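Examining the three-dimensional arrangement
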Amino acid sequence: MPRGRYSLHDPHDHTPLAEEHFHCAPGPSGWRYVSQLTAPSGDHLGSVDLALDELGRPIRLELHAASWQVRGAALDGVTWVRTDPTGHHATEGNARAHAFTGSSPAFLVATARLLRLTPSAPATRVRLVAFTDPVLAPRTLDQSWALVERETHTTDNGPLIVDEYQVTALDTGEQHTVHLAGDVVLAAPGIELEDLESPPSVLD
């Protein structure tokens, strides 16, 4: 079960935003990721709890940030309920999308697991609902994912397979690179892996 810490920063000016302490593991039904976020000041910022089924679809998502809460799952596309800080006004949402995304590294692993790309395959388009910080406001976006390279590295714990993805935002054309090893993000815009207590899990 990988357990560790990511640092999150603004990908443009590198302003530190948060630290995300996480653990994740494959299970009988798929994969689960749980994390707690803290601000650079040490204050608690929120949490992420994401569970995927064996096909990589989100069967449960629970996000907390700035007193806002989102619960969601894959249902008629994706469906979610967003609750305001007072708890009086819950709003439901639904979109013809494949999955969710957001600032957490968990969503990069989840999207890669959903798409199951191979190095020779063409880029694949995916529609996602993003929950943007700090109030978890939903917006639908389209991305293109391509697995451009797969490398095997020798480590003390055996071979480590690292996948390099090229991700393109289809509304702006902006491209960025994501490096994954199993269910751990090694590097991505705004994300650095600072500490890892055990090797990544190999996801089928």
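As shown above, the structure is provided for reference.
Residues numbered from 1 in each chain as written. Predicted model: local features only at pLDDT ≥ 70, side-chain atom pairs only at ≥ 80, totals over all residues. Heavy atoms only, no water.

**Description of the pairing of strand E10 (residues 124-132)**
The line we're drawing: A pair of strands is treated as paired once DSSP finds two or more bridges between them. Helical segments are the DSSP runs of H or I of at least four residues, strand segments are the runs of E of at least two, and each set is numbered from the N terminus. Here is how to tell: hold the view so the strands point away, follow the path from the first strand over the helix to the second, and if it runs clockwise the crossover is right-handed.
Across three bridges, the pairing between strand E9 (residues 99-101) and E10 is parallel. Residue pairing for E10: Thr101 is matched across the bridge by Ala130. Crossover connection from E9 via helix H1 (residues 106-115) to parallel E10: handedness right-handed. Counting the residues in the hairpin turn of E10 and strand E11 (residues 137-155) gives four residues, including Leu136, whose phi is positive at 55°.

**What to know about a negative patch on the surface**
Stated precisely, the cut-off is as follows: Patch rule: a residue counts if its relative accessible area is over 30% and it has no salt bridge; like charges are joined within 9 Å, and nonpolar side chains (Val, Leu, Ile, Met, Phe, Trp, Tyr) within 5 Å. To measure how exposed things are, a 1.4 Å probe is used in the Shrake-Rupley method; for residues, cover is taken only from the protein chains shown. The term salt bridge refers to a pairing of a side-chain nitrogen on Lys or Arg with a carboxyl oxygen on Asp or Glu at a separation within 4 Å. This count recognises Lys and Arg as positive and Asp and Glu as negative, with His and chain-terminal groups excluded. Taken as the charge centre is NZ of Lys, CZ of Arg, CG of Asp or CD of Glu, depending on the residue.
On the surface, Glu192, Glu194, Asp195 and Glu197 cluster together into a patch of negative charge. Position of Glu194 among the secondary structure elements: in strand E15 (residues 191-196).

**A closer look at the environment of Ala39**
Selection criterion: Should any heavy atoms of two residues lie within 4.5 Å, those residues are considered in contact.
Mapped onto the fold, Ala39 is located in the loop between strand E3 (30-38) and strand E4 (44-52). Sequence separation of Ala39 and Phe107 is 68 residues, and the distance between their C-alpha atoms is 20 Å. Contact partners of Ala39, with chain neighbours within four places excluded, come to Leu17 and Leu45.

**Here we look at the nonpolar core**
Note the following rule: Only buried residues count toward a nonpolar core. Its members are Ala, Val, Leu, Ile, Met, Phe, Trp, Tyr and Cys residues joined through side-chain atoms within 4.5 Å. Buried means the residue's accessible area, taken with a 1.4 Å probe over protein chains only, is under 20% of the maximum for its type, while exposed means over 50%, and partly exposed covers the values in between.
If you look at the biggest cluster of nonpolar residues, it comprises 48 residues, and the most contacted ones within it are Phe131, Trp145 and Tyr165. Among the elements that line this core, the one with the most residues is H1, at eight residues. What Trp145 contacts, discounting residues up to four positions off in sequence, is Leu108, Thr111, Ala112, Leu115, Leu117, Ala123, Thr124, Val126, Tyr165, Gln166 and Val167.

In short, shape yes, function no, at least from these values alone.
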